[in-house]
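Next come the chains, spelled out residue by residue.
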Amino acid sequence: MLFEGENKKYKVDYHGQMSRFSGAKENYAEGTEIEISYSFISTDTDYIFYVDGQEVNAEWNDKKGYIIRFNMPAHDIEVYCIEKNSKAN
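This one's a predicted model, so the numbers in the text were calculated from it and none came from an experiment. (Residues numbered from 1 in each chain as written. Predicted model: local features only at pLDDT ≥ 70, side-chain atom pairs only at ≥ 80, totals over all residues. Heavy atoms only, no water.)

Considerations on the overall build of the protein chain
Thought 1: In terms of helices and strands, the protein chain carries zero helices and nine strands.
Thought 2: Expressed as lengths along the three principal axes of its C-alpha atoms, the size of the protein chain is roughly 55 × 25 × 20 Å.
Thought 3: Residue burial in the protein chain is summarised as follows: out of 89 residues, 30% are buried.
Thought 4: A fraction of 58% describes how many contacts in the protein chain between residues 6 or more apart in sequence connect residues 24 or more apart.
Thought 5: Split by element, the accessible area of the protein chain, about 6300 Å² in all, is 42% carbon and sulfur. (Helix = DSSP H or I, 4+ residues; strand = E, 2+ residues; numbered from the N terminus. Buried < 20%, exposed > 50% of the residue type's maximum accessible area, 1.4 Å probe, protein only. Contact = heavy atoms within 4.5 Å. Areas by Shrake-Rupley, 256 points an atom, 1.4 Å probe, with all protein chains shown as cover.)

A word on the side chain of Gln17
Thought 1: Structurally, Gln17 can be placed in the loop between β1 (9-13) and β2 (21-22).
Thought 2: Here the side chain of Gln17 touches Cys81 through a polar contact of 2.7 Å, landing on its backbone nitrogen.
Thought 3: If near-sequence neighbours (up to four positions away) are discounted, Gln17 is found in contact with Tyr80 and Cys81. (Polar contact = N/O pair within 3.5 Å; in protein donor to acceptor, adjacent residues only side chain to side chain.)

Below, the structure written as structure tokens:
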């Protein structure tokens, strides 16, 4: 039951990677400003981040790793990272 002024929460599917995102939660209220970081970094690897089906440009932070920021839409979303070996032929 929602009370007046309370926003419905929507689910985030991390494709099994939730533990790799610091600050990640399973659900957020619509409109919430979200900041999560990804510090599971390997050498010779490129990282591509997706939020709600769209590729996002993550900001690099020397202490936290990649920072991903977005506002939670009014529906369930996916957040995940694709790792590609940058030395692969």
